[in-house]
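Survey of secondary and tertiary structure
The residues making up each chain are set out below.
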Amino acid sequence: MPKSKKERRLSDVQIYAAVAIVLVIAAAIITIIYMSQPPNFSEFKTAFTSASQVAIFARYNGTLLGVGGSSAVSCATAVIEQLHRVPSTINFFVVNQTSCTFATRGLGANNTASSNTVNITTTTSMDRCVNMSKGMPTLYINYSTENETIVGRGTLYISGDLLFLRECGIAVQLT
């Protein structure tokens with residue numbers, strides 16, 4: 001005996017539901033596979049050089065800008081100089097153990113303020129500086145006794161000693 005319209009509709013609904021479930025499971029599997037892949041430098045570089053805003057943190061352990069701090073700042077400056085052709089707003093932060101110093105408006109080609117004056121602000125709230133950089137690719141340049149590079153999703157951590165930071169290979173690699 002042929003199926004009634006109601007029975008056919010029910011089986012059609014069951015087919016659509018099964019297809020939807022399969023698609024959701026497939027999407028979940030693809031997302032898990034993507035998220036389990038470690039980020040790589042190429043992805044960071046593309047995100048960093050194509051973003052309309054980026055953040056660069058020069059960090060050091062002391063409270064005074066000694067040779068370690070000045071080498072971190074010098075490397076950050078070299079990166080900024082290399083990025084002058086990239087149409088981004090560069091948010092630059094200098095962070096030590098007690099404070100964070102930053103320009104109240106970013107640097108770079110997208111900065112359309114009418115004057116070349118840059119106002120500098122210092123805060124003891126590290127959260128303020130970190131929150132200002134949320135949602136943008138961020139480069140952290142740290143003075144350390146050990147040389148290390150860690151690529152994260154949207155972040156790149158460079159740590160190094162005086163020689164490593166003076167060479168500042170990241171400045172060339174980001175161009």
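Structure shown above.
None of the values given here were measured: they were computed from a predicted structure. (Residues numbered from 1 in each chain as written. Predicted model: local features only at pLDDT ≥ 70, side-chain atom pairs only at ≥ 80, totals over all residues. Heavy atoms only, no water.)

**Some words on the nonpolar core**
Counting 26 residues, the largest nonpolar core has F48, I56, V79, F92, L139, I141 and I170 as its most contacted members. When contributions to this core are tallied by element, the ones reaching two or more residues are α2 (41-50), β1 (53-59), α3 (67-82), β2 (89-95), β5 (138-143), β7 (155-160) and α6 (169-173). Tallying contributions element by element places α3 first for this core, with six residues. Once residues within four sequence positions are removed from consideration, F48 is found in contact with V54, A55, I56, L83, P137, L139 and L174. Core analysis: the second largest hydrophobic core is formed by nine residues, A55, F57, V95 and F102 among them. (Core = buried A, V, L, I, M, F, W, Y, C linked by side-chain atoms within 4.5 Å. Buried < 20%, exposed > 50% of the residue type's maximum accessible area, 1.4 Å probe, protein only. Helix = DSSP H or I, 4+ residues; strand = E, 2+ residues; numbered from the N terminus. Contact = heavy atoms within 4.5 Å.)

**Re the sheet that holds β2**
Ordered in space as β4-β3-β2-β1-β5-β7-β6, the seven strands form an open sheet in which the pairing is mixed. On the outer flanks of this sheet lie β4 (120-123) and β6 (148-152), each paired with one strand and no other. Going across the sheet, the axis of each strand differs from the next one's by a mean of 15 degrees, ignoring polarity. One ladder, built from six bridges, connects β5 with β7; its direction is parallel. Counted as the bridge partner of T138 is T155 from β7. (Pairing = 2+ DSSP bridges. Axes fitted to C-alpha atoms, helices over the stretch in contact; angles between N-to-C directions.)

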